[in-house]
Protein chains: 2
Amino acid sequence: MADASSPPTDQLAAATLDEVPKALFSDRAPIRSIISRPDGGSALAGRKARVGGWVKTGRKADKDAFAFLELNDGSCAGNLQVIVEASLGDLGQIVPTGTCVVVDGRLMLPPAGTKQKIELRAEKVLHVGPVDPAKYPLPKMRLTLEFLRDFVHLRSRTNTISAVARIRNALAYATHTFFNKEGFLYVHTPIITTSDCEGAGEMFQVTTLLSEAERLEKELLENPPPTEADVEAARVVVTEKGEVVSQLKAAKASKQEIGGAVDQLKKAKESLAKVEERSKLKPGIPKKDDGNVDYGRDFFARQAFLTVSGQLQVESYACALSSVYTFGPTFRAENSHTSRHLAEFWMVEPEIAFAELKDDMNCAEAYVKFMCQWLLDNCLEDMEFMADKFDKGCINRLKLVASTPFIRVTYTEAVEILEEAVKNGKKFENEVKWGIDLASEHERYLTEVKFQKPVIVYNYPKEIKAFYMRLNDDLKTVAAMDVLVPKVGELIGGSQREERYDVIQTRIKEMGLPLEPYEWYLDLRRYGTVKHSGFGLGFERMILFATGLENIRDVIPFPRYPGRADL
Amino acid sequence: MADASSPPTDQLAAATLDEVPKALFSDRAPIRSIISRPDGGSALAGRKARVGGWVKTGRKADKDAFAFLELNDGSCAGNLQVIVEASLGDLGQIVPTGTCVVVDGRLMLPPAGTKQKIELRAEKVLHVGPVDPAKYPLPKMRLTLEFLRDFVHLRSRTNTISAVARIRNALAYATHTFFNKEGFLYVHTPIITTSDCEGAGEMFQVTTLLSEAERLEKELLENPPPTEADVEAARVVVTEKGEVVSQLKAAKASKQEIGGAVDQLKKAKESLAKVEERSKLKPGIPKKDDGNVDYGRDFFARQAFLTVSGQLQVESYACALSSVYTFGPTFRAENSHTSRHLAEFWMVEPEIAFAELKDDMNCAEAYVKFMCQWLLDNCLEDMEFMADKFDKGCINRLKLVASTPFIRVTYTEAVEILEEAVKNGKKFENEVKWGIDLASEHERYLTEVKFQKPVIVYNYPKEIKAFYMRLNDDLKTVAAMDVLVPKVGELIGGSQREERYDVIQTRIKEMGLPLEPYEWYLDLRRYGTVKHSGFGLGFERMILFATGLENIRDVIPFPRYPGRADL
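Residues numbered from 1 in each chain as written. Chains lettered and ligands numbered in written order. Predicted model: local features only at pLDDT ≥ 70, side-chain atom pairs only at ≥ 80, totals over all residues. Heavy atoms only, no water.

Participant: How would you sum up the packing of aromatic side chains? Please name residues and give values.
Facilitator: Counted by the stated rule, this structure contains 56 aromatic pairs over all chains. Centre to centre, the rings of F179 of chain A and Y367 of chain A are 4.9 Å apart; their planes meet at 50°, and the pair counts as tilted. Within this pair, whereas F179 of chain A is found in helix 5 (residues 159-181), its partner Y367 of chain A is found in helix 10 (residues 357-378), the two being separated by 188 residues in sequence. Each of the two residues, F179 of chain A as well as Y367 of chain A, counts as buried. With 5.5 Å between their ring centres and 35° between their planes, F178 of chain B and Y367 of chain B make a pair best called tilted. (Phe/Tyr/Trp six-rings, centres within 6.5 Å; stacked < 30°, edge-to-face > 60°. Helix = DSSP H or I, 4+ residues; strand = E, 2+ residues; numbered from the N terminus. Buried < 20%, exposed > 50% of the residue type's maximum accessible area, 1.4 Å probe, protein only.)

Right, here's the structure in full:
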């Protein structure tokens, strides 16, 4: 991402000394290029500028001789103060919050003692996109994040949601930058899938059967299917026409006469075929003879779902291209109404061939550190806003994670630590003993209380982990790892994958899963198998961790959860 | 206890001058780091290296004293020649195509006159992932791209598909780099949507109704619903228990006796309620009283679909953050079996506030040029492979597009040019006259024959374009533009969006679309409206254009089309 203080180089070249350069594909200068500079913009005093944005706060002053506007265009967290004289337009129309304004003007140093370092004195108002304050859904007042969730099409105009958008963009770009720098190839794994990665169910189905059935039902209503009598009548016509042909032939009629009768017979037969076909049309979902839905007639000629993870598919690319990653949307049809679950969310999933669990942990640690440092380097203004409004500790948390080696403990050690804590009086809701899946309270105790830094727990009991994780030599644990961080607990889950054909086949059977759907996955072990490892990072979890926000519905632009899919 | 194994960055420092450094999160040196150097790797002669990869070609030589392996790890197009002595392992197991091999060895200059500039003499074989050549689906022979589509889990091991993967990765990274450099924010628009961008239908439905219905049907089979007699029996029990209570009360029985009877009555009532509820369970898709599907009982409490475009949603972010883009999967449930259509494909859609059609065209041109130059700078080896195997002209095409200003003609001018061509004897399958939607043959004539460079056609008749495109002052055309390039024709479609509330409302009605689903979209014009423009680039089209490949199913890792969704 471009450093906030340095506009694209081509812009600088094009700029005259007297004018602030415009954005390359737009008719105005980004407000960022004016105020997000070490000097706050003061060095630009005297220059002309054209700016556009939406009014955050507007007020008339000096007996309505002037309007003062705080203008924001989303290019940075800060606003530019714009002063508009009454002679330039209808000030009453310009000041309401939410109004879009484009002005030409000249940058001036504000009176000493004011907060901003530069302001714009308008010379011409080029555009006003007005707002009726009585109707605008986002009036100038403190609106709760919950309230804003009912206005996903407008909420990016608020300070919080626009800061989240910039932080989310920065983390996405940091992700691509990190993996490309390290030689990983970005692979687009499929969204529509016929594999179930975890074998866990809870998948959305993708189908055209329902809409086809509805179309057919409507069509049959408008144009009812033939009755048995209609079919019989069509049959009678065929018989009659057939008899005419026979009679004409018997009577040795002319070729022309016979030909005409044969044509009529043909037409009668065609019309019978059509009537018979339509009489078989049944409204509703197509079923097979055994009563089950006939997915052979669905779009993909089989049942299809939305992916829950790109891991299995990206493994096939790792077993050819060595270092790869996928970054895309994933889906769970879970009926969860918590602040940590979405039906549609984004995951980053790298997969590395010729890599063991320790390489996987090294990669996860380096990646998380890289993202934290990236935000400190590129998004400090937005992070300061978050620290101010939501989570005082968020910037220090980024610094801590960026600079501290992650603690690494085995699952067995982690359970011992938790048991020790219980002995010393710590109360957990969930019982602690070897074999349990660590609960969120356990994870947060380890990272927030015991170590107060990021922790990687590895080598989990095989019973609580997926079939594809590599069995350790103790035959009790698998080479899995979770990265735990303060504030959100588990941020990353990963493992070395089982590359031994016999072992993984046994594990699939042990888990009670059918082999057939995994034959292609077993092929990766049958032919040129390689040790490989990977992990998944929940992208929204990372944003919660960075910003300190509490609800995952506020860190994705258009949240989907049970009962809600706005827009 | 804590494993403080050295953080990844120290690994590079640890590499001695005598050794080729390993990849950061892996146990081998990428082959690219050895052979993809200006000197072809010759300067590394004498160094130790650990490499891993898959055998492209293996053969035994010198009466089986040696094996020569061409090893590829996907990090680059080229192979490293590895020489393995018989004493190091079973050469017969090592040479089959597809075998995975990891070796330690020393880099040596090959005998003068050989093609490669460096080779590796193995000193130790660390891993062999064998292949049974009799069973391996991708034997060493020329396999058609069509054949490979049946092995999407293995085809990335072939030269062509791995080159496509690297080119695709490069174009994706170029996309993010370009837009971030220009100050655009990446916005994740939703995959599951309740809006239909084009109003065109052909959408996949996302639902849990079918699986719920199947679950219920199975459950009712195993555990049949109560019959009317069962319900009646339960009712009788309630009546009886009620009578017992009445009798005990009348007989002034003890509190304990009455209490016991009341408890029994309660239980009988509860069990009746359950039986009644289960008796109402109906197998099949839930319906409303009017016979339509009851989508209120679907996961999102309404009908939901896979997105056909993120444009409308990303507009809402542009009308707050100014310069944004989305890059993600989009879907069409079209029954198309052509070489140019997929059911799941990726689109890049920038959207720019304070921008007119000319800014939009400038952005499209700069973006396409940037991607072409990026491939020339970063993927030349893969492009040379494509030029050699598929399309001699592909590198020159990239150079042409990267360096030539795009021609810009209005639709009206374009039609005149085509009419002129017809006059001069050019035959088109589709008639040419003002008002038609340009067919692919027309587009390719303009870009490949007439101008022989990229062409932007703009200002199309409003009748053939979408409702959201800005009406021009002539009231006949809209501010739409298409970018046409040699080889694929239309690569980009875009427009200035209609920002005038009254005009767009009229256009929606004119098109016979309902207003209600677009109310949120109209809000963007009601409140602080701004002129804005954007476009969409079909990402797979761009890869076809770059590589010269003919079939879109070969440029996406896991193609989805009617009847096929492997993995």
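Now that the structure has been shown, we can carry on.
Participant: An account of the environment of K266 of chain A is requested, with residue identities and associated values reported.
Facilitator: On the secondary structure map, K266 of chain A appears in helix 8 (residues 255-280). Expressed as a C-alpha distance, the spacing of K266 of chain A and T447 of chain A, which sit 181 residues apart in the sequence, is 82 Å.

Participant: Lay out helix 8 (residues 255-280) of chain B with the relevant residues and their values.
Facilitator: Look at helix 8 of chain B: 37 Å from first C-alpha to last across 26 residues, which is about the 38 Å you get at 1.5 Å a residue. In the core, the buried residues of helix 8 of chain B are packed alongside helix 7 (228-250) of chain B. (Expected span 1.5 Å × (residues − 1). Contact = heavy atoms within 4.5 Å.)

Participant: So, the pattern of salt bridges: which residues are in play, and what are the values?
Facilitator: Going through the model one piece at a time under the given rule, you end up with 72 salt bridges over all chains. Its salt-bridge partner being D150 of chain A, residue R564 of chain A comes within 3.0 Å of it at the nearest N-O pair. Pair noted here: R564 of chain A is in the segment after helix 17 (539-547) and D150 of chain A is in the loop between helix 4 (145-148) and helix 5, with a separation of 414 residues, a long-range link. Since its relative accessible area comes to 44%, D150 of chain A is described here as partly exposed. Linked through salt bridges whose partners overlap, the residues forming this network are K22, D27, R50 and D104 of chain A together with E356 and K531 of chain B. (Salt bridge = Lys/Arg side-chain N within 4 Å of Asp/Glu carboxyl O.)

Participant: Mind laying out the side chain of S309 of chain A, listing which residues take part and the relevant values?
Facilitator: All names here are of chain A. By the secondary structure assignment, S309 is in the loop between strand 9 (304-306) and helix 9 (311-321). Separated by 3.0 Å, the side chain of S309 and the backbone nitrogen of Q311 make a polar contact. A polar contact is formed between the side chain of S309 and the side chain of E349, at a distance of 2.7 Å. (Polar contact = N/O pair within 3.5 Å; in protein donor to acceptor, adjacent residues only side chain to side chain.)

Participant: Talk me through unusual backbone geometry; I want residue IDs and the actual numbers.
Facilitator: Residue and element names in this part refer to chain A. Even without being a glycine, K252 presents a positive backbone phi close to 45°. Summarising the element assignment, K252 is placed in the loop between helix 7 (228-250) and helix 8. Of note, A301 is a non-glycine position whose phi angle comes to about 60°, a positive value. Along the chain, A301 turns up in the loop between helix 8 and strand 9. For A301, a relative accessible area of 39% puts it in the partly exposed group.

Participant: Provide a residue-level description of the interface of chain A and chain B, including the pertinent values.
Facilitator: Chain A puts 132 residues into the contact, and the matching count from chain B is 129 residues. When chain A packs against chain B, the two sides together hide about 10,600 Å² of surface, and 62% of this comes from carbon and sulfur. Its largest share of buried area at the contact with chain B, chain A owes to F25, H188 and F354 of chain A, together 9% of the area lost on that side. Counting across the chain A and chain B interface gives four salt bridges. Between E217 of chain B and K287 of chain A there is a salt bridge, with the nearest N and O atoms lying 3.5 Å from each other. Between chain A and chain B we count 49 residue pairs in polar contact (both at pLDDT 80 or more) in total. A total of twelve residues in the side of chain A that touches chain B trace back to one element, the largest contributor, which is helix 5 of chain A. Taken together, the residues of the side of chain A that touches chain B break down into 70 nonpolar, 36 polar and 26 charged. (Buried area = accessible area lost by both parts, 1.4 Å probe. Nonpolar A, V, L, I, M, F, W, Y, C, P; charged D, E, K, R; others polar.)

Participant: Hey, could you go over the relation of the copies chain A and chain B for me, with residue numbers and the actual values?
Facilitator: At an RMSD of 0.2 Å, chain A and chain B line up after a rotation of 180° and a shift of 0.1 Å along the axis. On this basis, the relationship between the two copies can be described by a two-fold rotation axis. Residue V206 of chain A, judged by its C-alpha, is the member of chain A lying nearest the rotation axis, at 2.4 Å. Most of the interface of chain A is mirrored in chain B, where 94% of its interface residues again form contacts. (Least-squares fit on C-alpha atoms with pLDDT ≥ 70 in both.)

Participant: Go over the sheet that holds strand 11 (residues 344-353) of chain A with me, naming the residues and quoting the values.
Facilitator: Residue and element names in this part refer to chain A. Strand order in the open sheet formed by eight strands is 6-10-11-16-15-14-13-12, and the pairing between neighbours is mixed. At either end of the open sheet lies a strand with only one pairing partner, and these are strand 6 (185-186) and strand 12 (407-410). Pairing between strand 14 (residues 477-485) and strand 15 (residues 489-496): six bridges, direction antiparallel. Pairing of D482 across the sheet is with G493, part of strand 15. (Pairing = 2+ DSSP bridges.)

Participant: Run through the UniProt feature "domain: WHEP-TRS" (unreviewed entry) in chain A, naming residues and quoting values.
Facilitator: In this structure's numbering, the residues bearing the UniProt feature "domain: WHEP-TRS" (unreviewed entry) are residues 230-286 of chain A. A distance of 24 Å separates the end C-alpha atoms of residues 230-286 of chain A, which is 82% helix and 0% strand. (UniProt positions renumbered as here; feature names shortened; annotations may be inferred.)

Participant: Go over the UniProt feature "domain: Aminoacyl-transfer RNA synthetases class-II family profile" (unreviewed entry) in chain A with me, naming the residues and quoting the values.
Facilitator: Within the UniProt annotation, "domain: Aminoacyl-transfer RNA synthetases class-II family profile" (unreviewed entry) is assigned to residues 324-557 of chain A. Secondary structure across residues 324-557 of chain A comprises 40% helix and 23% strand; the distance between its end C-alpha atoms is 27 Å.

Participant: So what's going on with the pairing of strand 3 (residues 80-85) of chain B? Which residues, and what values?
Facilitator: Both faces of the sheet carry side chains from a regular strand, because those side chains alternate between them. Residues and elements named next belong to chain B. Counting buried positions along strand 3 gives five out of six residues, so the element sits mostly inside the fold. The pairing of strand 2 (residues 66-72) with strand 3 spans six bridges and is classified as antiparallel. Looking at strand 3, one finds that E70 is bridged to Q81.

Participant: I'd love a proper account of the packing of helix 13 (residues 411-423) of chain B against helix 14 (residues 440-450) of chain B, names of residues and values included.
Facilitator: All names here are of chain B. Taken N-terminus to C-terminus, the directions of helix 13 and helix 14 make an angle of 80°; their axes are 11 Å apart at the nearest point. Between helix 13 and helix 14, the interaxial angle falls into the category roughly perpendicular. Residues A414, I417, L418 and A421 of helix 13 pack against H442, Y445, L446 and K450 of helix 14. (Axes fitted to C-alpha atoms, helices over the stretch in contact; angles between N-to-C directions. Parallel < 35°, antiparallel > 145°, perpendicular 65-115°, else oblique.)

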